[in-house]
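Listed below, chain by chain, are the residues.
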Amino acid sequence: MVRAIVFRLHLSVAAAAGLVILMLAATGMVLSLEETVTGLAERRYFVAAPEGAQRLPPEEIAVAAGFTATSLSYRSDPRAPVRVYEGQDRYARVNPYTGQVLATGSGGLERFFQGVHNWHRWFNVSGASVRRARAVTGAVNVAFLFLLLTGPILWIPRPLTRRSLTDVILLRPGAKGARRDLNWHRVVGIWSVLPLAVIAATGVTTSYPAVGDRVYPMVGNVVSAGAWAAGSASIGAGLERGAISEDSARVPDSDLRAALATAEAWAPGWRTLILNVPRPADSEVRVEVQAGRAGQPHRTGVLTLDATSGAARAWESSADATPTRRAQQFLRYAHTGEYWGLAGQLLAGLFSLAAALMVWTGLSLAVRRLRDFVRFQRALRG
């Protein structure tokens, strides 16, 4: 009796939310490849790094972009161009050795991934509709979580025998039609239910801020406060986190070149440096230092420096964030797998593919069931 009720609820929710879940799974799978694909595409802008040549000062690179720069993004690879930003959307790729502008604005590939992002988050709508669309995707995440929790009740066979268990945990290549769909639905579901439950649950906290506000304090007490420890032996030894001596890290240069040199020496293992251009009245420069890939806040820190001398003033990492903030970042990037780097992203993509396959086979089974029901009713009337 209970199993029958669970089945009807499972079927009803799947029929109502299945197509949207399929869209979220498909777009999630595409987005898992975004950083890898765009990183490979970015190589077409790489330049030959002359032997022994030094990069132009940040001030000259900013001027070469042709607009008022607000930040400069450096990669550790000496061949990579410097991205010069005005705000968040406008940017140019500049040759760091000659000042030549290699490209401006986002290319077709980046616009494609931005469109996929918009579909995944809010059905690619705009304006006031975004909030309502996010509520829908949040509700679908709740529905998907319900399907994942009720699925094992239906997938685990009764009676439990060796043969029936094999049908649930192993694919049967020779199966066809409904038997094949049911076998794939069960097997893929059993092997991916836990990571997919994590993806769905973290998606709910992202879509519903009120839910996140209740979850973050609890998760924050579990997420480790440990963070990437930056600071070279010559600059950071013996200094307390978040309070750096004015006399340490002084360099003979000045202005943004001095700030950049200090940041590079402060974090020898850096992967990306984002130098925020100070306003004329500012006495400090903030440099975001990333040692990992995007979506790894525990490997990111912000170095604050004197705008004139380049002396390091303060270092802030994820260990300095509040438990609530750490939980927010963790859940945000655990949803995409980015928190665990490339391996996490690829696994998230693989499980997104698994979710798409589950939805497809589930809807196929539902359509077959509906078709059989219609045929049965016609037979009764005939």
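Details of the structure are given in the entry above.
Presented here is a report on the structure given in the accompanying data block.

Rules of the game
- Residues numbered from 1 in each chain as written.
- Predicted model: local features only at pLDDT ≥ 70, side-chain atom pairs only at ≥ 80, totals over all residues.
- Heavy atoms only, no water.
- Patch = residues over 30% accessible without salt bridge, like charges linked within 9 Å, V, L, I, M, F, W, Y side chains within 5 Å.
- Areas by Shrake-Rupley, 256 points an atom, 1.4 Å probe, with all protein chains shown as cover.
- Salt bridge = Lys/Arg side-chain N within 4 Å of Asp/Glu carboxyl O.
- Lys, Arg positive; Asp, Glu negative; His and termini not counted.
- Charge placed at Lys NZ, Arg CZ, Asp CG, Glu CD.
- Helix = DSSP H or I, 4+ residues; strand = E, 2+ residues; numbered from the N terminus.
- Buried < 20%, exposed > 50% of the residue type's maximum accessible area, 1.4 Å probe, protein only.
- Contact = heavy atoms within 4.5 Å.
- Core = buried A, V, L, I, M, F, W, Y, C linked by side-chain atoms within 4.5 Å.
- Pairing = 2+ DSSP bridges.
- Phe/Tyr/Trp six-rings, centres within 6.5 Å; stacked < 30°, edge-to-face > 60°.
- Polar contact = N/O pair within 3.5 Å; in protein donor to acceptor, adjacent residues only side chain to side chain.
- Axes fitted to C-alpha atoms, helices over the stretch in contact; angles between N-to-C directions.

### What to know about a positive patch on the surface
Residues Arg-371, Arg-375, Arg-378 and Arg-381 make up a contiguous surface patch of positive charge. For Arg-375, the position within the fold is in helix 12 (residues 341-381).

### Considerations on the side chain of Ser-73
Relative to the assigned elements, Ser-73 resides in strand 1 (residues 71-75). Residue Ser-73 is classed as buried on the basis of its relative accessible area of 12%. Each residue touching Ser-73, except ones within four places of it in the same chain, is listed here: Pro-81, Val-82, Arg-83, Tyr-85, Thr-272, Leu-273 and Ile-274.

### Let's talk about the nonpolar core
Core analysis: the largest hydrophobic core is formed by 28 residues, its most contacted members being Tyr-74, Val-84, Leu-273 and Val-287. Among the elements that line this core, the one with the most residues is helix 10 (residues 255-266), at five residues. Among all residues touching Val-84, those that are not within four sequence positions of it are Ile-61, Ala-62, Ala-65, Phe-67, Ala-69, Ser-71, Leu-72, Arg-90, Tyr-91, Ala-92 and Val-94. Counting residues in each nonpolar core, the second largest holds 25 residues, with Phe-144, Leu-147, Leu-196 and Val-359 among its members.

### So, the pattern of salt bridges
Overall, the coordinates contain 16 salt bridges when judged by the stated rule. Here Glu-35 makes a salt bridge to Arg-271, at a shortest N to O gap of 3.6 Å. On the criterion of sequence distance, the pair formed by Glu-35 in helix 2 (residues 34-42) and Arg-271 in the loop between helix 10 and strand 5 (272-276) is long-range, its members being 236 residues apart. A relative accessible area of 18% means that Glu-35 is categorised as buried. Here Arg-271 falls in the partly exposed class, since its relative accessible area comes to 27%.

### A word on the pairing of strand 2 (residues 82-86)
Among the five residues that make up strand 2, four are buried, leaving the element largely enclosed by the rest of the structure. Here strand 1 runs beside strand 2; their pairing, made up of three bridges, is antiparallel. Residue Ser-73 lies in a different strand from strand 2, and its bridge partner there is Arg-83. Where strand 1 hands over to strand 2, the hairpin turn is made up of six residues, counted between the paired strands. Linking two consecutive strands that pair antiparallel, namely strand 2 and strand 3 (residues 90-94), is a turn of three residues; a positive phi of about 75 degrees is found at Gly-87 within it.

### A few points about the packing of aromatic side chains
Going through the model one piece at a time under the given rule, you end up with six aromatic pairs. Between the aromatic rings of Trp-266 and Trp-315, the centroid separation amounts to 5.9 Å while the plane-to-plane angle is 55 degrees, which identifies the pairing as tilted. Of this pair, Trp-266 sits in helix 10 while Trp-315 sits in strand 8 (residues 312-317); the two residues are 49 residues apart in sequence, bridging distant segments of the chain. Each member of the pair, Trp-266 as well as Trp-315, is classed as buried. Each ring, one from Tyr-339 and one from Trp-340, has its centre 5.6 Å from the other, and the planes form 70 degrees; the classification is edge-to-face. An aromatic cluster is defined as three or more aromatic residues linked by ring pairs; in this entry it consists of Phe-330, Tyr-339 and Trp-340.

### Focus: the side chain of Gln-296
Along the chain, Gln-296 turns up in the loop between strand 6 (284-290) and strand 7 (300-306). A distance of 2.8 Å separates the side chain of Gln-296 from the backbone nitrogen of Arg-293, its partner in a polar contact. Residues in contact with Gln-296, not counting those within four places in the same chain, are Glu-338, Tyr-339, Trp-340 and Gly-341.

### Concerning the environment of Ser-224
Inspection of the secondary structure puts Ser-224 in the loop between helix 8 (209-220) and helix 9 (233-236). For the pair Ser-224 and Ser-207, spaced 17 residues apart in the sequence, the C-alpha separation amounts to 24 Å.

### Digging into the sheet that holds strand 1
Strand order in this open sheet of eight strands is 4-3-2-1-5-6-7-8, and the pairing throughout is antiparallel. Taken across any chain shown, the strands that pair with only one partner, and hence form the sheet edges, are strand 4 (101-104) and strand 8. On average, each strand axis in the sheet is inclined to that of its neighbour by 20 degrees, with strand direction left out of account. Contacting strand 1, strand 5, strand 6, strand 7 and strand 8, helix 10 crosses the sheet at an angle of about 140 degrees to strand 7.

Honestly, it's all geometry; don't read function into it.
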